Amino acid sequence: MGVQTGFSFLQVFSTSWEMFSVLFVIVGMGQISNYVAAFVLGTEILGKTVRIIFCTLGVCIFYAIGYMLLPLFAYFIRDWRMLLLALTLPGLLCIPLWWVVPESPRWLISQGRLQEAEIIIRKAAKTNGITAPDVIFDPMELQEMTSQKQQTHTILDLVRTQNIRFVTIMSVILWMIISVGYFGLSLDTPNLHGDAYVNCFLSAVIEVPAYVIAWVLLRNLPRRYSMAAALFLGGCVLLFIQLVPAHLHVLSIILVMLGKFGITSSFSMVYVYTAELYPTVVRNMGVGASSMASRLGSILSPYFVYLGAYDRFLPYILMGSLTVLTGILTLFLPESYGTPLPDTIEQMLRVKGLKHRHTSNSTRVSKDEEENPAILKSTSF
């Protein structure tokens, strides 16, 4: 957050386009890193019910509110320096969070820092009015984990086994195509008929019901079918736009907003789904790699919009076709609905049709889980 806010403030004093662009790249790196870290942290420290609310209504609704404020600020503040300053200053309100938000107990446990995790869990229990047991972690388990050299994980672990490799490849494709549709429709807003500020505001408003629907689906239905349904809706609606007569401008705008509705819902759900598929030891890297793929999609999205210069329906045809294809691919991922978050790579959900070789390490982890089922799963606030 410091990188995002600090370099955004420096952008206000840019003296050239080159300086502004370099600072903007650094701001983007800080923004997405901050977003992913906050999302993963909330996923790991919250319980299942609250976690879904946090990931949809919590994070995404406030994102939509900020999106709605953007055209409002831009309408009244026409100087770009003052507009950038007005959008940067709210970042200072996040400084006190350093002393308020705790570290993830799941991550601390995966790193062998059980004493720090126990302190956080006891504090959470006291805050919630719950009496914590005298012994949270088995002393023998504590001695074993502290005596062993902790295994470090790298980005290569995302492709280490056949199962996690398949999940990573599918997540990268999923995030990239959803990002192309989301940012493509967002950037195409000025090309719609009517006032650009109003259309941008409508594009932001439609995200609020999209996030609400995403929360309802995630709460009650399997992840794969919820994601596929949202993607099919968004993709099919975009494909229907080419059938609308040229003089029915309002209907075209409505269909674009419905397409944005479906794709936005899937964008909200893919964060939750991806976080549930990856284990704690590589969850931050897994979501980060997927988010990086979505940035590649956002880079490609303007070129989809530019294709409208050749045929005004071509961007919608391409984005709609890719979105429907992604909805089909989603059905091949494992289902995480109603299952606990995995902590190790061995605990990951298995992709159907892939052979899995059981190792002695995975057998030992399974036995440890049977003997001490609460050690790695009692860390939610």
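Computed from a predicted structure; not experimentally measured.

(A) Looking closely at the overall build of the protein chain. Along the backbone of the protein chain there are 15 helices and zero strands. With 381 residues in all, the protein chain has 44% of them scored as buried. The long-range share in the protein chain, meaning contacts at least 24 apart out of those at least 6 apart in sequence, stands at 78%. Of the accessible surface of the protein chain, which amounts to about 20,000 Å², a share of 69% is contributed by carbon and sulfur atoms.

(B) Representation of the packing of aromatic side chains. According to the stated counting rule, one finds 12 aromatic pairs in the structure shown. Pairing Tyr182 with Phe183 gives two aromatic rings, centres 5.0 Å apart and planes at 90°, and the pair type is edge-to-face. A relative accessible area of 3% means that Tyr182 is categorised as buried. Summarising the aromatic geometry, the rings of Tyr303 and Tyr306 are spaced 6.1 Å apart at their centres and angled 85° between planes, so their arrangement reads as edge-to-face. Placement of the pair is Tyr303 and Tyr306 together in helix 13 (residues 280–306), with a separation of three residues, close to one helical turn. Note on accessibility: Tyr303 and Tyr306 belong to one class, exposed. Within the aromatic cluster, the residues linked to one another by ring pairs are Trp175, Tyr182, Phe183, Phe267 and Tyr271. Above the plane of the ring of Tyr75 lies Arg78, whose end atom (NZ or CZ) is 5.1 Å from the centre.

(C) The arrangement of the pattern of salt bridges in detail. Taken as a whole and judged by the stated rule, the model has three salt bridges. Lys260 serves as the salt-bridge partner of Glu207, at 3.3 Å between the closest nitrogen and oxygen. Placement of Glu207 in helix 10 (residues 207–220) and of Lys260 in helix 12 (residues 249–277) is noted, with a sequence separation of 53 residues between them. We note that Glu207, like Lys260, is buried.

(D) Expanded view of the environment of Pro279. Following the sequence through the fold, Pro279 ends up in the loop between helix 12 and helix 13. Each residue touching Pro279, except ones within four places of it in the same chain, is listed here: Pro342, Asp343, Thr344, Ile345 and Met348.

(E) The arrangement of a nonpolar patch on the surface in detail. A surface patch of nonpolar side chains, about 920 Å² in accessible area, is lined by Leu89, Leu92, Ile95, Leu97, Trp98, Trp99, Val100 and Val101. Summarising the element assignment, Val101 is placed in the loop between helix 4 (80–88) and helix 5 (105–110). Take Val101: its relative accessible area is 39%, and that puts it in the partly exposed class.

(F) Spatial organisation of the environment of Gly308. Structurally, the position occupied by Gly308 is in the loop between helix 13 and helix 14 (314–330). With 117 residues separating them along the chain, Gly308 and Asn191 place their C-alpha atoms 9.2 Å apart.

(G) Structural view of the packing of helix 8 (residues 162–187) against helix 11 (residues 223–240). Where helix 8 contacts helix 11, the axes come no closer than 12 Å and their chain directions differ by 45°. Overall, the two elements helix 8 and helix 11 adopt an arrangement that is oblique. As helix 8 runs across helix 11, the sense of the crossing is left-handed. Note on element contacts: helix 11 touches helix 8 through Met227, Leu231 and Leu238, opposite Leu174, Ile178 and Leu185.

(H) Up close: the nonpolar core. If you look at the biggest cluster of nonpolar residues, it comprises 66 residues, and the most contacted ones within it are Ile178, Met227, Phe267, Val270 and Tyr316. Ranked by residues supplied to this core, first place goes to helix 12 with 14 residues. Excluding anything up to four places from it in sequence, Ile178 contacts Met227, Leu231, Ile263, Ser266, Phe267 and Val270. Counting five residues, the second-largest nonpolar core is a separate cluster that includes Leu108, Leu114, Ala117 and Ile120.

(I) The packing of helix 11 against helix 14, seen in detail. Direction vectors running N to C along helix 11 and helix 14 enclose 160°, while the axes themselves pass 8 Å from each other. The angle between the axes of helix 11 and helix 14 places the two elements in the roughly antiparallel class. Crossing hand, helix 11 versus helix 14: left-handed. Facing helix 11, whose interface residues are Arg224, Met227, Ala228, Leu231, Phe232, Gly234, Gly235, Cys236, Leu238 and Leu239, helix 14 presents Tyr316, Ile317, Met319, Gly320, Ser321, Thr323, Val324, Thr326, Gly327, Ile328 and Thr330. Across the contact of helix 11 with helix 14, the residue classes tally to 12 nonpolar, eight polar and one charged.

(J) Helix 9 (residues 196–205), seen in detail. Looking at helix 9, one finds that the buried residues are Asn199, Cys200, Ser203 and Ala204. All buried residues of helix 9 project into a common sector of 140° when viewed along the axis, lining one side.

(K) Fine view of the confidence of the model for the protein chain. For the protein chain, the average pLDDT comes to 79, and 86% of its residues sit at 70 or higher. Ranking the elements of the protein chain by mean pLDDT puts helix 15 (residues 360–371) last with 42 and helix 14 first with 90. Note on residues 358–380: pLDDT is under 50 here. Beyond four places in sequence and across chains, it has 28 contacts.

(L) Seen up close, the side chain of Glu207. A residue is classified by how much of its surface remains accessible, and Glu207, at 0% relative accessible area, is buried. Side-chain polar atoms of Glu207 contact the side chain of Tyr211, separated by 2.8 Å. A polar contact is formed between the side chain of Glu207 and the side chain of Lys260, at a distance of 3.3 Å. Not counting the four nearest positions on each side in its chain, Glu207 is found in contact with Tyr63, Ala64, Tyr67, Tyr182, Lys260 and Thr264.

How each quantity is defined
- Residues numbered from 1 in each chain as written.
- Predicted model: local features only at pLDDT ≥ 70, side-chain atom pairs only at ≥ 80, totals over all residues.
- Heavy atoms only, no water.
- Helix = DSSP H or I, 4+ residues; strand = E, 2+ residues; numbered from the N terminus.
- Buried < 20%, exposed > 50% of the residue type's maximum accessible area, 1.4 Å probe, protein only.
- Contact = heavy atoms within 4.5 Å.
- Areas by Shrake-Rupley, 256 points an atom, 1.4 Å probe, with all protein chains shown as cover.
- Phe/Tyr/Trp six-rings, centres within 6.5 Å; stacked < 30°, edge-to-face > 60°.
- Lys NZ or Arg CZ within 6 Å of the ring centre and 35° of its normal.
- Salt bridge = Lys/Arg side-chain N within 4 Å of Asp/Glu carboxyl O.
- Patch = residues over 30% accessible without salt bridge, like charges linked within 9 Å, V, L, I, M, F, W, Y side chains within 5 Å.
- Axes fitted to C-alpha atoms, helices over the stretch in contact; angles between N-to-C directions.
- Parallel < 35°, antiparallel > 145°, perpendicular 65-115°, else oblique.
- Left-handed = near helix turned anticlockwise from the far one by under 90°.
- Core = buried A, V, L, I, M, F, W, Y, C linked by side-chain atoms within 4.5 Å.
- Nonpolar A, V, L, I, M, F, W, Y, C, P; charged D, E, K, R; others polar.
- Arc of directions from axis to C-beta.
- pLDDT = per-residue confidence, 0-100.
- Polar contact = N/O pair within 3.5 Å; in protein donor to acceptor, adjacent residues only side chain to side chain.

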